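One letter stands for each residue in the lines below.
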Amino acid sequence: MPKPSGGSGSSSSDPPKKKKRKLDRKRNKKKSSAQEELSAVCNITGISGDGQELADDTIDDIWGNELDCLNELATAQAGGSSSSSTSIKDTTSKAAEEISQSQTPPPTLKEIPNLRVELARHLQVETLSTFLLQACPGLRMPTFERWLLDSKLEESDRMQSIAESWVTDPSSKLHFKNQKKKYGRAALHSEENAAQGREDARRMKEARILLDAEKNANHEGSKLGKIDRLVMKTRALIDAVLPGNPLETDPSCTRLVDEIVAHKLKMNDGSDETNTTQEEAEQVVKELLSRCSEAVKEIQQLQSRFGTYFGFGKKRSKNSSNGSTSGLVRAEWVSGESTSTKKSSPDDLVCSLSYITTKKKSSSASASLDNNDEVQKKTKPFIVKVNGQHYHKLRRLFDKTYVSDDSSLTNDQMTHVFHAALFAIIIRYSTLAGGQQLNVLRGGGMQGAIHDTVFDCFAKWFGTHGSGTECFASPFNANMTQYYSAFPSPDIDGFFGSHGDFFRLNANTLRPGWYEANPPFSPGVMEKMAKRLMDLLDVARERDIDVTFIVIIPSCRSDRNNNKDGQDASTERRKKKKRKKKHKHDSEEDEKSNSNALTNAIHHSALSSFNILVQNCSSHTVLSKRDHGYVEGSQHLRPTQFKESQYDSSVIVLRSKSCKDIDTEEFETDLRKAFKSRHLIELQQRRDCD
């Protein structure tokens, strides 16, 4: 007989019991999955685990005083104390008064990125780069870095184009608002329109992100201000490093396929298997894009669980659904040196930053498991290291950004905020370099910089240090007080004085002076930079202001190079003939031809931007490789700082009409002297010290 649908008895009490059991299983599953994810993330720092695990009671004993300080800071961060919250606003507002109108205001204390999310993203990017390099043996990390930078830039450009279309034609926004998401068979595309269907679906997703950002955006001011504010709001809704919806038809992905094909052909001794190699490369890129999209989804789920921002102390985060807190960061000076000696020899000191994830005390339901030693979880610290020189440099930038005389925050509290921001920025730039920088110092070449003597040379010929600006820098390699970077405010670079994103520099706020542009050597970035510089030069000429752009990029083969470039090319050919006589092993020749094939593929994709700059320049100097050098991109992690250049570099000077002519020969002499490599000198100094 069928069971009665109503009435009293045991049948009416069964459904609530089943629901309770299901909820209990879900809670336990969330807790276990969160612990597994965090334990997996912990492996990225290379901690062996022996003697590194600390129980919560041990943390309270060792860092008791610091936890008390952090709890007070957490109260101020949460806005529990009116005086503390007011002082935080005063700190930001006073710092904002001292910066120029073109600089983005620095972020507030509440906007430090969640360190758990940063570590999870780092692990995901490390997995992606490992997959690509293992799928193509012999391929190097810069290939992955170029794809990552260009694909993220393309995503930003797509967002920009959608926002501009909404401003110029508000009716186009209704198309995205009224269109509903398709599911099942309706979401499938025919083979003929598959590519266009995926492109339309991606545009729809990105438009929905902009619609969500528009709800909280302030649309006051000019049209350019509306677009900038709307796009800036989307940064909180998309991943900071990984592209959310890359497709095989994107220019960055097609360039990646070309690099893989050139690499595989040279590895196969140039055998005629072009079609097969092309298919293999496309399959590798397709799998990489699929894994990237899944990684972004996992990071977003983790962020919704743990919250967007970092919380201090052991107070429960409001955005966290599992009852765990963000933890605390502590700095210690290692390498056997005491803190008092760090001023005398800062290069020999290393600052070790330990991130401890603290947890809320277990409830009565889970307290019964504490007697079982195998079940009881212990907290394992995450450790990253930075050399003392860059620790003090970033501390000066942090203090200058948040200078305030009437702040109620103590020095210890501000130090804890600085340590959390420092930990986050180290993880972020290692993620941007492919996720293998912390463990094996692999990657980071895209963050290389020029010598400080080169900046002195620019200041001598084009103005003073105060009138100089770096267009592509980071808090680690910035030499000028005014610099633009990849993660501007309200992101992590804003804590260290970044003026914003160079590509979003308002042309109306362009001020006289000289601008140094040493971008990541990626075709997409260089092409957009060249177009942006041309637009800024046109504005400078219309306003009749004195503006100079000095661009440092790799030299490309161009028919429009001057005679000096041809002489340098001929001398380089003679050097190549001498090197071939010295090479006796076939393996070395194969490796050289392989690198030349990749170099040709990269130069071919970057040739258009190179020609734009050379055609409009007033001075072009070619520096032969081995005769000049750069500063390491991972200088904050290495004991050494300098490296020799592996390619010819071009120093291109773009000037407005109001600028006066300079002595080109004397300028090139000073430039070559300033660019001279310091790598061998640094190695000799280290040998002498040993």
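Above this text you will find the structure in question.
Parameters and conventions
Residues numbered from 1 in each chain as written. Predicted model: local features only at pLDDT ≥ 70, side-chain atom pairs only at ≥ 80, totals over all residues. Heavy atoms only, no water. Helix = DSSP H or I, 4+ residues; strand = E, 2+ residues; numbered from the N terminus. Contact = heavy atoms within 4.5 Å. Pairing = 2+ DSSP bridges. Axes fitted to C-alpha atoms, helices over the stretch in contact; angles between N-to-C directions. Core = buried A, V, L, I, M, F, W, Y, C linked by side-chain atoms within 4.5 Å. Buried < 20%, exposed > 50% of the residue type's maximum accessible area, 1.4 Å probe, protein only. Parallel < 35°, antiparallel > 145°, perpendicular 65-115°, else oblique. Nonpolar A, V, L, I, M, F, W, Y, C, P; charged D, E, K, R; others polar. Phe/Tyr/Trp six-rings, centres within 6.5 Å; stacked < 30°, edge-to-face > 60°. Lys NZ or Arg CZ within 6 Å of the ring centre and 35° of its normal. Salt bridge = Lys/Arg side-chain N within 4 Å of Asp/Glu carboxyl O. 1 Å grid on protein atoms, 1.4 Å probe; cavity = no way out; pocket = protein on both sides within 12 Å on 5 of 7 lines; lining within 4 Å. Points joined across faces, edges and corners; volume = space filled by probe spheres on them.

Caption draft 1: Representation of the side chain of glutamine 447 in the model. Among the secondary structure elements, glutamine 447 is positioned in the loop between helix 15 (437-440) and helix 16 (452-462). Residues in contact with glutamine 447, not counting those within four places in the same chain, are Tyr429, Leu432, Ser474, Asn477 and Gly633.

Caption draft 2: Structural view of the sheet that holds strand 1 (residues 328-334). Here three strands make up an open sheet; going across it, the order is 1-2-3 and the pairing antiparallel. Two strands close off the open sheet at either side, each with one partner strand: strand 1 and strand 3 (382-387). Direction aside, neighbouring strands of the sheet carry axes that sit 25° apart on average. Note: strand 2 (residues 350-356) against strand 3, six bridges, orientation antiparallel. Bridge pairing in strand 3 places leucine 353 opposite valine 384. Against the sheet, helix 13 (residues 388-401) engages strand 1, strand 2 and strand 3, with an angle of about 90° to strand 3.

Caption draft 3: Fine view of the nonpolar core. Counting 104 residues, the largest nonpolar core has Phe423, Phe496 and Leu613 as its most contacted members. Here this core takes 13 residues from helix 14 (residues 411-432), the largest share from any one element. Among the nonpolar cores identified, the runner-up in size contains 21 residues, and Phe521, Ile552, Leu623 and Phe675 belong to it.

Caption draft 4: Spotlight on the sheet that holds strand 5 (residues 513-517). The strand order 4-5-6-10-7 describes an open sheet built from five strands, whose pairing is mixed. The strands lining the two open edges of the sheet, one partner per strand, are strand 4 (468-470) and strand 7 (619-623). When the angles between neighbouring strand axes are averaged without regard to direction, this sheet yields 15°. As judged from the five bridges shared by strand 5 and strand 6 (residues 547-554), these two strands associate in the parallel manner. Bridge pairing in strand 6 links alanine 517 to valine 551.

Caption draft 5: How the structure looks around the packing of helix 6 (residues 141-168) against helix 17 (residues 523-543). Here helix 6 crosses helix 17 at 45°, and the two axes come no closer than 7 Å. Classified by the angle their axes make, helix 6 and helix 17 are oblique. Contacts between helix 6 and helix 17 involve Arg146, Leu149, Asp150, Leu153 and Asp157 from the former and Pro523, Gly524, Val525 and Lys528 from the latter. Partitioning the contact of helix 6 with helix 17 into residue classes produces four nonpolar, one polar and four charged.

Caption draft 6: Representation of the packing of aromatic side chains in the model. Counting across every chain of the model gives 24 aromatic pairs. Ring geometry for tryptophan 333 and tyrosine 391: centres 5.1 Å apart, planes at 75°, overall edge-to-face. A residue pair is termed long-range when its members are at least 10 positions apart, and tryptophan 333 in strand 1 and tyrosine 391 in helix 13 qualify at 58 residues. Across the pair, exposure class does not vary: tryptophan 333 and tyrosine 391 are buried alike. Taking 5.5 Å as the distance between ring centres and 80° as the angle between the ring planes, the aromatic pair formed by tyrosine 429 and phenylalanine 487 counts as edge-to-face. In this pair, tyrosine 429 sits in helix 14 while phenylalanine 487 sits in the loop between strand 4 and strand 5, placing the two residues 58 residues apart along the sequence. Through successive ring pairs, a cluster of aromatic residues spans Trp333, Tyr391, Phe398, Tyr402, Phe418, Phe495 and Phe496. For the cation-ring pair, arginine 116 lies above phenylalanine 306, with the distance from its terminal atom to the ring centre recorded as 4.7 Å. Its guanidinium or amino end placed over the ring of phenylalanine 487, arginine 428 lies 4.7 Å from that ring's centre, counting from NZ or CZ.

Caption draft 7: Structural context of the environment of aspartate 456. Relative to the assigned elements, aspartate 456 resides in helix 16. We classify aspartate 456 as partly exposed; its relative accessible area is 39%. Sequence spacing of aspartate 456 and alanine 674 is 218 residues, and the spatial spacing of their C-alpha atoms is 8.4 Å.

Caption draft 8: Inspection of unusual backbone geometry at higher detail. At the junction of serine 489 and proline 490, the peptide bond is cis and its omega measures out at 10° in the coordinates. Mapped onto the fold, proline 490 is located in the loop between strand 4 and strand 5. Phi angles above zero are rare outside glycine, and leucine 441 is one such case at about 55°. Within the element layout of this structure, leucine 441 appears in the loop between helix 15 and helix 16. Phi is positive for arginine 626, close to 75°, though the residue is something other than glycine. Tracing the sequence through the fold places arginine 626 in the loop between strand 7 and strand 8 (629-631).

Caption draft 9: Spatial organisation of the pattern of salt bridges. This model, assessed by the stated rule, comprises 22 salt bridges. Between aspartate 452 and arginine 678 there is a salt bridge, with the nearest N and O atoms lying 2.8 Å from each other. Within this pair, whereas aspartate 452 is found in helix 16, its partner arginine 678 is found in the loop between helix 20 (664-675) and helix 21 (679-689), the two being separated by 226 residues in sequence. On the basis of relative accessibility, which here comes to 39%, the residue aspartate 452 falls in the partly exposed class. Between glutamate 632 and arginine 638 there is a salt bridge, and its shortest N-O distance comes to 3.7 Å.

Caption draft 10: Inspection of empty space enclosed by the protein at higher detail. Considering all chains together, one arrives at seven cavities of 30 Å³ or more under this definition. Approximately 760 Å³ is the volume found for the largest cavity. The dominant element in the lining of the largest cavity, judged by the number of residues it contributes, is helix 6, at seven residues. Grouping the amino acids of the lining of the largest cavity by side-chain chemistry returns 23 nonpolar, eight polar and 10 charged.

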